[in-house]
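Architecture at a glance
The chain contents come next:
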Amino acid sequence: MYYFKLQARMTWRRVAGWGVNPYVSLVLIGLGYLFVSETLFKKTDYAPQVLIVLMLTFQMRLLRKERNEFLEMAFLSKRHRLIRVFENLLIASPFLISMLVHRAFIEVLVAVVISIALTFTSTKTRTSWVMPTPFGKRPFEFTVGFRNSYLLMIGAYALLPMAYAYHNSNWGIVSLVFLTLIILGFFSKPEHEMYVWNYAKTPPKFLFSKAIQSLRQASLLIIPLGVILLIIFPENSIKILSFTGLALAYIILIIMAKYSAYPEEMNIPQGILIGMTLYFPPLLVVVIPYFYFQAIQKLQALLK
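Model, not experiment: these values are computed from the prediction. (Residues numbered from 1 in each chain as written. Predicted model: local features only at pLDDT ≥ 70, side-chain atom pairs only at ≥ 80, totals over all residues. Heavy atoms only, no water.)

**Digging into the pattern of salt bridges**
A pair can form between side chains of opposite charge whenever their charged atoms are brought close. Heads up, the condition is: The salt bridge definition used is simple: a Lys or Arg side-chain nitrogen within 4 Å of an Asp or Glu carboxyl oxygen. Secondary structure follows DSSP: runs of H or I at least 4 residues long count as helices, runs of E at least 2 residues long count as strands, and numbering of each begins at the N terminus. Burial here depends on accessible area, computed with a 1.4 Å probe over protein chains only, as a share of the maximum for the residue type. Under 20% is buried, over 50% is exposed, and the range in between is partly exposed.
All told, the structure shown has four salt bridges when counted by the stated rule. With its nearest N and O atoms 2.7 Å apart, the salt bridge here joins Lys 258 to Glu 141. Of this pair, Lys 258 sits in helix H11 (residues 237-260) while Glu 141 sits in helix H7 (residues 140-165), and the two are 117 residues apart along the sequence. Both residues of the pair, Lys 258 and Glu 141, belong to the buried class. Residue Lys 189 pairs with Glu 265 through a salt bridge whose shortest N-O separation is 3.0 Å. On the criterion of sequence distance, the pair formed by Lys 189 in the loop between helix H8 (169-185) and helix H9 (193-197) and Glu 265 in the loop between H11 and helix H12 (268-279) is long-range, its members being 76 residues apart. For Lys 189, a relative accessible area of 45% gives the class partly exposed. Residue classification places Glu 265 among the partly exposed residues on the basis of a relative accessible area of 43%. Counted as one network, the salt bridges with shared partners bring together Glu 141, Lys 210 and Lys 258.

Written out as structure tokens, the structure reads:
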């Protein structure tokens, strides 16, 4: 219990440090969530699947290797597992309540199973064996990200049998979106400035090279899943191709966003802009160039 009180106090102070009243922000977040969830259920047939994807985006933030290693050292194995399960279910609770209210019982069961299963993704032991990947050294994000997130990617592909069994293309789209979110997480942390300096390119050439290389690597993970969905659901080919194209567009977006804040991590205003594009994808044609020009300015000191 002390652990959760400490986490709540730290979060409260962090929000207050941003100059925002924590009580006001809590009310606004709650109202915003109610508006989004109710709008989804009124406007779309796959609102439960969207909520599950949103739930996963928050739960994935708890999967950092260093964080889980600290919890394993600080608590006994059984207590550490209970903490992780409770954390995931706590994050899932608003999404579960929305789905229960709208009688999406199967999706509730899936969300609970996924939430618990995610607590078993951290590795307790280290070995000298290095997992092979289908990627080269550049960009390094895919090699590192693949080795840290392969269980999550297996989980994304594991949703395909459910989509086939229920002949529900929405579950296939969820697997595609989930896989895309995992890949976007590869770019969450900025690398040391030396890694950027080694490219010895101008900022525009560096960003172009980074984007092309990343799209090639991402295609090795995303395209096979898209092809499988096209084979299973040929009648939904337009929707599947649209989501596949958006997945690649968001990879370009996250690269530009990462370097628009470089060498710092992405900040709240950038997160808000990215969130707006998730709600209204056509904004990508404006937000990507905006981040691109900011990134050029940030990289100017390192790349000339």
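Having put the structure on the table, let's press on.
**Details of the environment of Ile 240**
Short version of the rule: Contact definition: two residues touch when any of their heavy atoms are within 4.5 Å.
Relative to the assigned elements, Ile 240 resides in helix H11. Separated by 68 residues in sequence, Ile 240 and Gly 172 have C-alpha atoms that sit 8.6 Å apart. Excluding residues within four positions of it along the chain, Ile 240 makes contact with Ile 173, Leu 176, Gly 226, Leu 229, Leu 230 and Phe 233.

**Topic: unusual backbone geometry**
A cis geometry characterises the amide bond from Tyr 262 onward to Pro 263, with omega recorded as 5°. Mapped onto the elements of the fold, Pro 263 is located in the loop between H11 and H12. Here the phi dihedral of Arg 103 falls at roughly 60°; this positive angle occurs in a residue that is not glycine. Looking at where Arg 103 falls in the secondary structure, it is placed in the loop between helix H5 (77-101) and helix H6 (105-117). On the accessibility criterion, Arg 103 (64% relative accessible area) is exposed.

**Overview of H6**
This is how the line gets drawn: Each residue after the first adds 1.5 Å to the expected span of a helix. Directions pointing from the helix axis toward each C-beta atom define the arc.
The end-to-end C-alpha distance of H6 is 18 Å, a good match for the 18 Å that 13 residues give at a rise of 1.5 Å each. Along H6, the residues that are buried comprise Glu 107, Val 108, Val 110, Ala 111, Ile 114 and Ser 115. Relative to the axis of H6, the buried residues are bounded by an arc of 165° and lie together on one face.

**Details of the packing of H8 against helix H10 (residues 203-232)**
Between two packed helices, the angle of one axis relative to the other and the distance separating the axes together describe the packing. Worth spelling out the cut-off: Each axis is a line fitted through C-alpha atoms, taken for helices only over the stretch in contact, and angles between the N-to-C directions span 0 to 180 degrees. An angle below 35 degrees is read as roughly parallel, one above 145 as roughly antiparallel, one from 65 to 115 as roughly perpendicular, and any other as oblique. Residue polarity follows a fixed list, in which Ala, Val, Leu, Ile, Met, Phe, Trp, Tyr, Cys and Pro are nonpolar, Asp, Glu, Lys and Arg are charged, and the others, Gly among them, are polar.
The geometry of H8 relative to H10 is characterised by a closest axis approach of 10 Å and an angle of 180° between their N-to-C directions. It follows that H8 is roughly antiparallel to H10 by the angle criterion. Between H8, through Gly 172, Ile 173, Ser 175, Leu 176, Leu 179, Thr 180 and Ile 183, and H10, the contact on the second element is made entirely by Ala 218, Leu 221, Ile 222, Leu 225 and Leu 229. Tallied by class, the residues present in the contact of H8 with H10 amount to nine nonpolar, three polar and no charged.

**Let's talk about the packing of aromatic side chains**
Going by this rule: Pairing of aromatic rings covers Phe, Tyr and Trp, the last counted by its six-membered ring, and requires centre-to-centre distances within 6.5 Å; plane angles under 30 degrees mean stacked, over 60 mean edge-to-face, and any other angle means tilted.
The full count for this structure, using the stated rule, is seven aromatic pairs. Measuring from centroid to centroid gives 5.8 Å for Phe 142 and Phe 187, while their planes differ by 80°, and the two rings are edge-to-face. Taken as a pair, Phe 142 in helix H7 and Phe 187 in the loop between H8 and H9 lie far apart in primary sequence, 45 residues in all. By relative accessible area, Phe 142 is classed as buried at 0%. Ring pairs connect the aromatic residues Phe 142, Phe 186 and Phe 187, which therefore count as one cluster.

**With respect to the environment of Ser 214**
Residue position: Ser 214 is located in helix H10. Note on Ser 214: relative accessible area 0%, which makes it buried. A sequence separation of 38 residues divides Ser 214 from Ile 252, and the C-alpha atoms of the two residues are 8.2 Å apart.

**Thoughts on the nonpolar core**
The condition is simple: The nonpolar core is taken to be a set of buried Ala, Val, Leu, Ile, Met, Phe, Trp, Tyr and Cys residues, with the residues joined through side-chain atoms within 4.5 Å.
Of all hydrophobic cores here, the largest spans 75 residues; its most connected members are Ile 52, Met 99, Ile 183 and Tyr 259. Every residue in contact with Ile 52, bar those within four places of it in the chain, is listed here: Met 99, Glu 107, Val 110, Ala 111, Ile 114 and Trp 171.

**A short note on the packing of H8 against H11**
Heads up, the condition is: Here is the rule for handedness: rotate from the far helix to the near one, and if that takes an anticlockwise turn smaller than a right angle the crossing is left-handed, while a clockwise turn gives right-handed.
In contact at an axis separation of 10 Å, H8 and H11 are set at 10° when each is read in the N-to-C sense. Classed by the angle they form, the pair H8 and H11 counts as roughly parallel. Crossing geometry of H8 relative to H11 is assigned as right-handed. Across the interface between the two elements, Ser 169, Asn 170, Ile 173, Leu 176, Val 177, Thr 180, Ile 183 and Leu 184 from H8 touch Lys 239, Ile 240, Phe 243, Thr 244, Ala 247, Tyr 250, Ile 251 and Ile 254 from H11. Here the residues of the contact of H8 with H11 are counted per class, giving eleven nonpolar, four polar and one charged.

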